[in-house]
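# Fold and geometry: a report
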Amino acid sequence: MGRKMSFLEFWKGMKERGALLERTDQLKLLPSQLKNLHGDSGVRAALQDTRIASLLPPVGTEVFRRFTPNSPDEITQQLETETKLVKKHEPYPANLLEAGKPLPFIYGVPPPEFLNTPLEDLDTHGQPEKRFVVLGKGNTIHRFNAEPSCYLLSPFNPLRTTAIKILTHSLFSLFIIVTILTNCVFMTLSNPPAWSQAMEYVFVAIYTIEVIIKVVSRGFCRGKFTFLRDPWNWLDVIVIITAYMTMCVHLGRFSVLSTISRILKLLPLISGMKSTLRALAQSVEKLAGVTLLTLFCLSVLTMLGLHFFMGRLKHKCVIMPSSPLSNFTQSYDDNASSFDYEAHMNNNENHYFLPGHLDALLCGNSSSAGSCPEGYTCIRWGRNPNYGLTSFDTFGWSLLSMLRLLTRDFWDNLVMLTSRAQGTTHVAFFILVVFPTTFFILSLILVGFAMAFGDEEEARAAEAKQREKEFSQIVEALKRREDEEQTAEPSEKHNGENKKSLEKEPGDQGSCRSCCVTLADLLLKWNCCSCWKSLKQRLHTFIDNPFFDLGIVICLIVNIIFMAMEHFPMSPEFDEHLSTAHLVFTIIFAAEMVIKIVAMDPYNYFQVSWNIFDSIIVALSLLELFVYLRPYPLLRVFRLARWWPSFHMLLMIIWTSIKKLRNSTLLLLIMVFLFTVVGMQLFGQNYKDLVCRISVDCELPRWHMADFFHSFILIARIHFGQWIETLWDCIEVAGQPMCLIFFITVLIIGNLLILNLFLTLLLSSFISNSLVAVEDTRKNNIQVAMNRICEHIRTCVGKHVHKVNDGKEDKKESLALAETSHEKNNEPTIVPIAVPEVDLKMPEDEEEIKKHPEVQQVEDGKHSEGDSPEDCCVKQCYRCCPFLDIDTTRGVGKVWSNVRKACLLIVKHKGFDIFILFVILLSTVALMFEDIHLQNRPVLKTAVKTVDLVCICLFLLEMLLKWLAFGLKKYFTDAWCWLDFLVLDVFVVCLIANKMGYYELGVFQSLRALGPLRAISRFRGMKVVVHFLVRTIPYVTDALLVVLTVWLIFSILGVNMYGGKFYYCYNETSEEMFFSEDVNNKSECYTLMMENYTEIRWKKMDSNFDDVMKGFLSLQQLATSADWFDIMYAAVDSTKVESQPVYENNLYAFLYFIFFFIIVFFSLNFFIRIIMNHIQKDKLEGKPIFVTEEQQKCSKAMKKWLLKYRNPGPRPQNQCQARLYDLVTSPYCDVFVLAVILLHCVALMLQTDDISMEKLFILSCIELSCILFYIVEFIVKIIALRCHYFTNWLNVLDFTVVLLCIAGVFISDLMEKYFVSPTAFILVRLLCIFPILRICRFAKPIRKLFLGFLMSLPALFNISLLLFLIMVTFSIFGMYNFAYVKKNVNIDDLHNFETFFSSLSCMFMTTTNSAWFGLLLPIMHTPPDCDPDMENPGFMVKGNCGNPLVGIIFFHTYITLYILLIVHLYIAVVLEAFNSDDSEALCEDDLQMFYNTWRRFDADASQYIPYSKLSDFCSALQDPLRIPKPNSVKLIHMDLPLFTGDKIHCLDVFNKLAAQVVNDSGDLESLKDRMKEKFNINSSKVSDEPISSTLRRKQEEVAASVIQRAYRKGALKPAEGTEVESGRVPGSSHPPDA
């Protein structure tokens, strides 16, 4: 079935589903209602047609019956009776009574004596006489076989009964859980004590006893519910087998199976974990299409990388002997020369190494590749970089590199290596091919998960709705029965029972509860005297005043500001002031708590959760006066969530994930622990033994698995996306196979669980329903207080102003009220304090709301303003200067009006915008050439200046035309025109300044980079996106404030923990840091400096926590950059303030960063939730989102064109052509073609860098044979299909591939002979890879997902174009400001801001979350790290220092914008592709399936089948047309027409089935036409008239049965009377006794 719901509809219904699920979890019947339900035949009769009726026991029987030796016979007899008498029910809800689920509400609460006791099975379907159930804690169902266990122990055997009681008891599960957790503790020990072996025997004994109890209670293998029939019990088998084998022999690495099975034993013991795993498995199962598509795309990228960069990363800079080339070219002959070429090349001393790098500097022979220093030669030799593991030499290593690019792990290093070896032009391969494809893969993986989760949520909601409906039916039936009884026998007995049952439960605990209430009234409710009550009343009025809460919030904000003022170094006086302020705020908040307790009484005060939280903080603050608890006052920040709805929402998301998603969270933690222990056991000893392979000083590196904590940190790093570098180390010490399997498994499963948790947190109905509590229907006190302050300010301004703006204020107020009421239904996210500011910014005049005529034309294309220009100036100008108001009907005024009309016609012409867009593009190109080399290129400099001058003149002319056409009023009331005006001002000022000799205008001149942004208003797609982003500014700002508030906590905590600790003593000559044994602190370092060691400096880390702002910068680096390891290393090595760091001195500092990454995870979820709420709001209001109306129409037209059925054409009359037609249309032909394509792909994959000539010849022959086959296939299809061949776009794709293959084979030989460009040769050679694209036509899941992605292309194009425009703007800005920055860290000779394209590559690295902080660090350098007076040869600019403030603003602004746009890119794909199943609801394969199935049931090809075969036919179909049995009810309601002989027609059946899948009537008509072609339906069908329908036939049968029963009942009564009168017993032939 296709998806019926779009993503926004799914998002909108989350709250309703959450409320529905919570209601169904609380369904419960009263004891009196349960009694009537089980014992009243009238109620049972009313429910006989419901689904739940099949679960109810027979009337008059006990619900819970002990399982006795006579139970099987009694159950069999009862089933036989029910089969004869009971009517067939609705489809049985088998899942309600599954083992492991709680008892349904219709059975009530079983008596305590029936718990842990064998009972007769409540499920009467199947063979209930062969099984029994046991109810455990929480009324959980446990099902057992009734046959003897192990052929010996019957269900009534005392040994088995005891084993069952132990197994189903909750303490047994708790004991096993404690045992496993204890065992896990021993697993974490890298050097366990000697007595741990004895504990291992204890664990094995416990696991053995557990297995024995399970086998005794359940049986071993014979029976459905025996031990081995449960897959989870296989873990016990593995644990026992491996444990006893380990005692006998050493299993080596295979002993890890015991560890895995023991940890996984926790999963079935956790309540609800099986359901979570089942849902996750179903989600993964539905990702088959996404997985196939991912493998397909990765294979294509892998082969592209293989043929592009094979062997290119082996080129190194090597110093060669000074002898002539002729002397050492004979090095291959050992006898001819004494020079050993191989030894010289293998000597690393002859290679050029950059400082701090383990691999030699790569180089290339192309003009754009990296060059070698003077004296070195670029030669291909040796292994690849990174231990030889970064390469494209084989398909496997190329696949690993592409997987690295897909996960964005250290990809910038890979791009830098390939660009240095192959040339910077090949960066375009990554920008245009690799990263868009990886985005395509990641987005569709996200869509696949979202769709699977959506299906699961909809199924849960449907089941909950069904349960609620059944509950309502039961309640209504009980109520009707109660009304009937009250009518027939008026009494209040039944009502009394209900009241008694309602009061029974509280009455059971009455005595205990009354004592608690009395004690609480005595101690917690203070009502001493009238004076005290009067004081309480006054204090209560005081705390209820809105300004009281406003004062508390102000105190909180000021307190937070004081906490954020801590820094290093800090004077003692300033520290004393902060301590005094802290004491003052502690007293204020303590007084607040005391006042509230007095006013509300402790009983009422502690009923509010926020008051409890406040009291805890006050208690900790008071305790801090005696004990150092400095970080704990930071908890006061969370008090803001009480008045800040968005902050409250974030906290609720975190809390709900812990509370309601505990199973998903626990599953992730268990898997992290599992991988940690397994990694430590598999590779721990290898790291210790072979550490010298990965460490120069033979010391363990920071990332290893030699102990539990380091293994845990490494696994956490893999889950954070950083895995490739640790994989290299693992391969070096433990080998390729095991490390690759382990790391890829951790990467896939970890990302799978994290994505599952993220989407569950985002889309779960439980989460959304919990967040409803965040929405308050009333304004909080802060809003009320701010409104009063605003009213007071307006009153103070003056009554005259108030009267003038009275109407406007009313209009604003009503608009604000409407907006507020709407937001209350859509999760308000505006900060309460900021609400008045938003209201004050509302437009105060309707004229301001109206758009510029040109802008309105560009925006919607619907409203035309006419040919008459509007007034030029505002009304105030005409009042002040009456001479401006001229008569336009005559004289000069008429001429003026005609000129304006002419200008209006010009600017409204489509060609005008196109021309201006061209001028903007020309101006942007001119800006791109204004790099540092422009001064040395006089001709280009003259051309750039000329183009710049011409563009300025044209922009001035454009502005004048618009002034004349639209008038100054309209021009300066539009934001886009303001942008044009300001940018033009910057260009004009810079031009005038240059003419006057002022060439250095600093940052102001770089504002010319804003010129490309003028193109936004001329491109409608980008304009729609910008308008949407502008509308989200209040919501996004609110979300950013919340995130920054949480980051503020971590920043202040970082200042307290690491302030002044990121300093070190550094030797600039050797570029090494001193060891703590040599220099311990700052004093000793300064001592060395005073001893004339000028190369020594006391430095600090560029990223540090010396103050809150630097802390924010460090946190930004942690959250958005890949080079965050230096901060973590500095924290782990930190000791004391101004002390030399010690290696891993503070190892548990890792946890600070792990917790921060978790907060980033929740913050991203919260951020997306805010954006989705706004998208839903705009969608409801009908506003455009990401695309224009024309683009929507084009996408729909393209969808219909792609899905349009294309008949391969009629079968030719020519016999030869007809046979070829049958051949090419046969499905076997497609299978054979697919096999050839796969063979071709395998041949391409087997190519390697060091391939032999024989193997290369064989692969070339296979490749050529496949291409010849494609040509033959094309010729055969052309002959068979004739002109109809090109009507199918898939055939066009095949034809294009054939042409490209021919070009790749023949043109490459010509280019190899006559051209020397290796890049062009490789590009042509890559054409042979294109046949792999033909797989798309054979994979239906790929086509569906690809089509869903295709529908999102217009939105992706608009957002991507805007992102690219912003990237170009920032690249030009960076080129103007940072071109002469000193080359350091990530700024080198290839990646810098000297030219536009190198600057663009830097911005691209920043866009992909690469090591952007390495680009910012050189910009932030100040003397002595840079020289402001250094001469730049050939340039007029002095110095190589950057501007730290401009650099920080530059990068942080760009990061915020690109994150916002990237998030919207993924959202756009999800919005369009979420319901991609509907995009291809029925394809040609489905129609052919229906046709083939019909032919099996209609052997005579009559187009009719008997109605009796319809049920079998519909069940024999495949999805999505299939209706599985039992399907009689659904088929009846389809109301199919019946023809003579009770037959149905094929087209009628297809129409009804297709209508359930396809919603569009147009598509349905197209499907009908296609099916008519298949069956060759002619007018004979029209002449047959239906005689009835299935629904009418069923109604007739029901009516006939009713008449028959009534007749028999009426005929039976006179017969009974006659028999009684004659004295005979009914049914007896004997006369009565005399």
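Before reading further, recall that the structure is shown in the block above.
Source: prediction; values computed, not measured.

## Here's the deal with the pattern of salt bridges
Pairs can form between side chains of opposite charge once their charged atoms are near each other. Considering all chains together, one arrives at 39 salt bridges under this definition. The salt bridge involving Asp 236 is made with Lys 265; its shortest N-O contact spans 2.4 Å. One end of the pair, Asp 236, is in helix 9 (residues 233-248); the other, Lys 265, is in the loop between helix 10 (256-264) and helix 11 (266-269), and 29 residues separate them in sequence. Given a relative accessible area of 4%, Lys 265 falls into the buried group. Between Arg 420 and Asp 1389 there is a salt bridge, with the nearest N and O atoms lying 2.8 Å from each other. Placement of Arg 420 in helix 18 (residues 411-422) and of Asp 1389 in the loop between helix 57 (1353-1377) and helix 58 (1396-1407) is noted, with a sequence separation of 969 residues between them. Look at Asp 1389 and you get partly exposed, because its relative accessible area is 41%. Here the residues in one salt-bridge network are Glu 592, Lys 596, Asp 614, Arg 639 and Arg 642, joined through shared partners.

## Observations regarding the environment of Asp 549
One can find Asp 549 in helix 23 (residues 546-564). For Asp 549, a relative accessible area of 10% corresponds to the buried category. For the pair Asp 549 and Ala 785, spaced 236 residues apart in sequence, the C-alpha to C-alpha distance is 8.6 Å.

## Concerning the side chain of Ser 299
When you line up the elements, Ser 299 lands in helix 13 (residues 288-309). Among the polar contacts listed, one links the side chain of Ser 299 to the backbone oxygen of Leu 295, at a separation of 2.7 Å.

## Re helix 12 (residues 273-285)
Residue pairs three or four apart in sequence face the same way in an α-helix, which turns once every 3.6 residues. A rise of 1.5 Å per residue sets the reference length of helix 12, with its 13 residues, at 18 Å; its end C-alpha atoms lie 18 Å apart and thus fit the reference within 8%. Residues of helix 12 that are buried: Met 273, Thr 276, Leu 277, Ala 279, Leu 280 and Ser 283. Viewed along the axis of helix 12, the buried residues span an arc of 160 degrees, placing them on a single side of the element.

## A word on the environment of Tyr 387
Examined against the element boundaries, Tyr 387 turns out to sit in helix 16 (residues 385-388). For Tyr 387, a relative accessible area of 18% puts it in the buried group. As for Tyr 387 and Ile 731, which are separated by 344 residues in sequence, their C-alpha atoms are 9.1 Å apart. Side chain to side chain, Tyr 387 and Asp 729 meet in a polar contact 3.3 Å long.

## Observations concerning the state of the cysteines
Going through the model one piece at a time under the given rule, you end up with 6 disulfides. Across the disulfide, Cys 317 is cross-linked to Cys 372 (sulfur-sulfur distance 2.1 Å). Taking the torsion about the S-S bond as the criterion, the Cys 317 to Cys 372 disulfide, at about -90 degrees, is left-handed. Taken together, the positions of Cys 317 in strand 4 (residues 315-319) and Cys 372 in the loop between helix 15 (341-346) and strand 5 (376-380) put the pair 55 residues apart, joining distant regions of the chain.

## Remarks on the packing of helix 10 against helix 27 (residues 662-689)
Where helix 10 contacts helix 27, the two axes come as close as 10 Å, and the packing angle between them is 165 degrees. Relative to helix 27, helix 10 is oriented roughly antiparallel. In the packing of helix 10 onto helix 27, the handedness of the crossing is right-handed. Contacts between helix 10 and helix 27 involve Val 256, Thr 259, Ile 260, Ile 263 and Leu 264 on the former and, on the latter, Ile 670, Met 671, Phe 673, Leu 674, Val 677, Val 678, Gln 681 and Leu 682. Across the contact of helix 10 with helix 27, the residue classes tally to 11 nonpolar, 2 polar and no charged.

## A few points about the packing of aromatic side chains
Tallied over the full model, the rule gives 84 aromatic pairs. Judged by centre distance (5.1 Å) and plane angle (65 degrees), the rings of Phe 972 and Trp 978 are edge-to-face. On the accessibility criterion, Trp 978 (35% relative accessible area) is partly exposed. Measuring from ring centre to ring centre gives 5.7 Å for Phe 1373 and Phe 1450, while their planes differ by 15 degrees; the resulting arrangement is stacked.

Conventions used here
Residues numbered from 1 in each chain as written. Predicted model: local features only at pLDDT ≥ 70, side-chain atom pairs only at ≥ 80, totals over all residues. Heavy atoms only, no water. Salt bridge = Lys/Arg side-chain N within 4 Å of Asp/Glu carboxyl O. Helix = DSSP H or I, 4+ residues; strand = E, 2+ residues; numbered from the N terminus. Buried < 20%, exposed > 50% of the residue type's maximum accessible area, 1.4 Å probe, protein only. Polar contact = N/O pair within 3.5 Å; in protein donor to acceptor, adjacent residues only side chain to side chain. Expected span 1.5 Å × (residues − 1). Arc of directions from axis to C-beta. Disulfide = S-S within 2.5 Å. Axes fitted to C-alpha atoms, helices over the stretch in contact; angles between N-to-C directions. Parallel < 35°, antiparallel > 145°, perpendicular 65-115°, else oblique. Left-handed = near helix turned anticlockwise from the far one by under 90°. Contact = heavy atoms within 4.5 Å. Nonpolar A, V, L, I, M, F, W, Y, C, P; charged D, E, K, R; others polar. Phe/Tyr/Trp six-rings, centres within 6.5 Å; stacked < 30°, edge-to-face > 60°.

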